[in-house]
Amino acid sequence: MDPYTPRPRPGARKKNLTLSAKEYTKITGTIASVRKHRQLSDDIDDERDDPVHSSRGSRRISQEPSFIAETSFVRAPLNSRVGTTSFSPSYKGKAKDHLLDHLPVDVQEALVLEDLLYVLMEYQTLLSQLEHAFNTSPQFTLQKLWFYVHPTVHTLSLIYQLVLELATTEDDDGSSMSSSSSDPEQSARDEALGLGGAKLKAVLSEITKSSTSAAIPVKGGEVLTVIYERIQSMSGDPTACRVYGTLMSASGAPYVEMLKEWATTGRLHDPYEELCVKESKFISKGILEVDYTDEYWERRYTLRDGSTLSSKRQHAGVPAPRSPGGRLPGGACIPPMLEGWKHKVLLSGKYLNVIRECGIEVQTNQHRQEQERLSMDDEKLYKFVEDAYTHANRTLLRLLLQDQQLVPRLRSLKRYFFLSQASFLTHLLDLAHAELKKPAKSASIVKLQSLLDLALSSEDASFREDVKVTMASTGLYEWLLKVISVSGVIGGDEGEGNPDVAHEDSKKDRDKEKEEKKAILAIDALALDYTVKFPLSLAISRKTILRYQLLFRFLLHLKHVEQSLASMWIEQKTTPWRRPVPNHPEFEQWRLRVTLLRTRMLSFVQQILAFVTFEVLEPNWRSLEAKLAKVTTVDQLLRDHVDFLDTCLKECMLTSAKLLRAYSRLIVTCSTFALYSSSFTKSANQALAAAEAGDEDQAMNKRWDFLRKFESNFNHWFKFHLDCVQYYASSENVTLLPLVVRLSSIKTTS
């Protein structure tokens, strides 16, 4: 067999790929009849300003009915434009109608078939010329015939192989689904179970069609991928490179037009789902006010193949790959020439879309775009994508950093949540002292909000109207331990994934939940909130504000315990604690031990507070400021902000379960000890009265027992906490080394 002769296709599909003389005559007749009404469709095309589907504009140049003047057979869209029910995709919400739905069906079919038949009609012209030469010229030989036919036969063979591959790809996918659905054994089981009725089968088939992904036709990026692969595999054939190159540039024209519109305006007009970018219209910017997962930024616009730039995790909704070659179907198949640029294509339109959501019109150089004619195989396309990405990125960065004042906003967050200027907090704790002693459910948020506004009014604080008071439902350490042990989202340690240990811990937590919920005070549940509007809510999202709240509650608890121990120190400067009692040396020793324990607790709290503020938050903040000054992409800005908060959480020991347990026990011991300040003073007064009366002090043993409980508890958890800090400083977190030095000084004084 000659290598350029098209091979017949096996099976019953052969008749679908060839035309009989009767069918050919009918099609050409339909085309001829439609040409009489062609002016109607041209007028409709003139009214339409859509750049993506204006591929038939070349036909307006000449109204010559001869097919020789027509060159638009390669300008057809990548998938069928016939508005039939079998191929029309269904849309939810604001669906876009088919481009040709306003035309009669026979006109639609004729327009599509006219495009597809131009190659065959040129071939028919060649055959007519050869037949004329055969009948009139005696010098016409078989060698001459082969000389004239050979290039055309080779070209038709190449086109036939391409069409055959496109057809078999779709048919194989559909046949695999049909074969799986028509299983004879399954049909027998359905009959035995009474599921063989025709109506029931129809209902089940509809359910199956809606629940499973239907066969996606070969369209969009998949067509371009098939052509590109054939160009690569037949690169040594000049005719194949020329034919497939022409088809690549022409069939990729709608794809390039959609890509240009998306990358330069942020608008996605893809009614046939051919482009690599996908839009989830049910996700709006209003979800940012309650969303803790950045769903708007991550999932509003995504790539159809599910890939992401920041992580290996893929988005949902990716269609199953084709069974023979593993290639993704339809628009999910990204053309190989755009594989390395797909993320920049996505981000350029995503950035501009955010700007449009703010009500700002995107300025584009329309005249320059009209002059630039790009194609899929043109290197200028890559420069265009790079320029569009750079322009969109700079525009959104300028909007966030300059117009929306992102850096001053972050500084205000540092001031309010990291207590960099904490005079307002001291004022608030003094004003709301009585309210914060109440249970969390009984405290008035309205009253606390007014007191916070009063505390902030005395300072020159920017954006203070955006700071709000809120109450958490659970304690800080209980909530963090629950998150770490259950999901490990914030962090985890080795050995914490043991299901038995986790199950026992969860049981203990459930048993303690009722008591803890009843006993939680307003001071332990107090938190701040911060309200921002779009587009600042992209950078200061609910996910980042949650991290700010965790760090604020951590610092607030430290400040509160420090203030309580300082008040205890002031109380212990009164007469019962400083008056010498020479005839009662045991009481003097008890007073000294109480003072020493209070000093060690206060020193511990102050060292933790100093470490967190001066060696964790401040250096990391300076590092973030330096990064923001050099940031070049919006995604890098968002990533740097989240990384800054995650680093602060880790270095503040809020992501390790062992460190968190030891620290929470220590800080609870210190706060409980401070609550008994008045009890210690009352006991000291009783001991002084007994010493003055010369009576024997009967309650001295009880005082010692009570004090030793605090001492043993504090010493145990302090040693355990110090060992954990030393271990993590030497193995995982080197930034804890300064804390080891600070805590060792407390140990030596004990």
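Q: What is the right way to look at the pairing of strand β4 (residues 526-530) in this model?
A: For a regular strand, side-chain orientation follows a simple rule: the groups alternate between the two sheet faces. Where burial is concerned, most of β4 is hidden: 5 out of the 5 residues are buried. The two faces of β4 match: L526, L528 and Y530 on one face and A527 and D529 on the other face are all buried. Looking at chain direction, strand β3 (residues 467-471) and β4 are connected through 5 bridges and run antiparallel. Along β4, the bridge assignment pairs K468 with D529.

Q: For this particular structure, what's the right way to read the pattern of salt bridges?
A: A pair can form between side chains of opposite charge whenever their charged atoms are brought close. Counted according to the given criterion, the structure contains 24 salt bridges. As a salt-bridge pair, K342 and D305 come within 2.9 Å of each other at their nearest N and O atoms. With K342 in helix α13 (residues 342-357) and D305 in the loop between β2 (301-303) and α13, this pair connects stretches of sequence that are 37 residues apart. Here K342 and D305 have matching classes, each one buried. Across the salt bridge formed by E386 and K344, the nearest N and O atoms sit 2.6 Å from each other. A residue pair is termed long-range when its members are at least 10 positions apart, and E386 in helix α15 (residues 380-403) and K344 in helix α13 qualify at 42 residues. Classification of E386 by relative accessible area gives partly exposed; the value is 25%. Under the relative-accessibility criterion, K344 is labelled partly exposed at 28%. A single network of salt bridges, built from pairs that share partners, joins R411, K414, E618, R622 and E625.

Q: Looking at this structure, how should I read the environment of F604?
A: Here F604 is to be found in helix α26 (residues 585-630). Assessed through its relative accessible area of 0%, F604 is described here as buried. Between the alpha carbons of F604 and I667 there is a distance of 9.2 Å; along the sequence they are 63 residues apart. When sequence neighbours within four positions are dropped, the list of residues in contact with F604 reads Y663, L666, C670, F714, F718, H721, L743 and I746.

Q: For this particular structure, what's the right way to read the packing of α26 against helix α30 (residues 700-731)?
A: Helices that pack against each other are described as a pair by the angle of their axes relative to one another and the distance between those axes. At their nearest, the axes of α26 and α30 sit 11 Å apart, and the two run at 25° to each other. With respect to each other, α26 and α30 are oriented roughly parallel. Every pair of crossing elements has a handedness; the one defined by α26 and α30 is left-handed. Here α26 contributes E586, F587, Q589, W590, R593, V594, L597, R600, M601, F604 and I608 to the contact with α30, which in turn contributes M700, R703, W704, L707, F710, E711, F714, N715, F718 and H721.

Q: Explain the side chain of T681 to me, please; I cannot follow it from the model alone.
A: Within the secondary structure layout, T681 lies in helix α29 (residues 677-693). For T681, the side chain forms a polar contact with the side chain of E571, separated by 2.7 Å.

Q: Looking at this structure, how should I read the packing of helix α11 (residues 253-265) against α13?
A: It is at 6 Å that the axes of α11 and α13 come closest, and there the two elements cross at 50°. Our classification of the angle between α11 and α13 gives oblique. Together, L259, W262, A263, T264 and T265 of α11 and V345, L346, S348, G349, K350, L352 and R356 of α13 make up the contact between the two elements. Class assignment of the residues belonging to the contact of α11 with α13 gives a composition of 6 nonpolar, 4 polar and 2 charged.

Q: How should the packing of aromatic side chains be read in this particular structure?
A: Given two aromatic rings, one states the distance between the centres and the angle between the planes to describe the pair. Evaluated as defined, the whole model comprises 28 aromatic pairs. Ring centres 6.2 Å apart and planes at 35° place the aromatic pair Y351 and Y389 in the tilted group. Linking Y351 in helix α13 with Y389 in helix α15, this pair joins segments that are 38 residues apart in sequence. We classify Y351 as buried; its relative accessible area is 0%. A residue is classified by how much of its surface remains accessible, and Y389, at 11% relative accessible area, is buried. Clustering of aromatic rings is evident, with ring pairs tying together W577, F587, W590, F673, Y676, F680, F706 and F710. If you follow R600 out to its NZ or CZ, it ends over the ring of F718, 5.9 Å from the centre.

What counts and what doesn't
- Residues numbered from 1 in each chain as written.
- Predicted model: local features only at pLDDT ≥ 70, side-chain atom pairs only at ≥ 80, totals over all residues.
- Heavy atoms only, no water.
- Buried < 20%, exposed > 50% of the residue type's maximum accessible area, 1.4 Å probe, protein only.
- Helix = DSSP H or I, 4+ residues; strand = E, 2+ residues; numbered from the N terminus.
- Pairing = 2+ DSSP bridges.
- Salt bridge = Lys/Arg side-chain N within 4 Å of Asp/Glu carboxyl O.
- Contact = heavy atoms within 4.5 Å.
- Axes fitted to C-alpha atoms, helices over the stretch in contact; angles between N-to-C directions.
- Parallel < 35°, antiparallel > 145°, perpendicular 65-115°, else oblique.
- Left-handed = near helix turned anticlockwise from the far one by under 90°.
- Polar contact = N/O pair within 3.5 Å; in protein donor to acceptor, adjacent residues only side chain to side chain.
- Nonpolar A, V, L, I, M, F, W, Y, C, P; charged D, E, K, R; others polar.
- Phe/Tyr/Trp six-rings, centres within 6.5 Å; stacked < 30°, edge-to-face > 60°.
- Lys NZ or Arg CZ within 6 Å of the ring centre and 35° of its normal.

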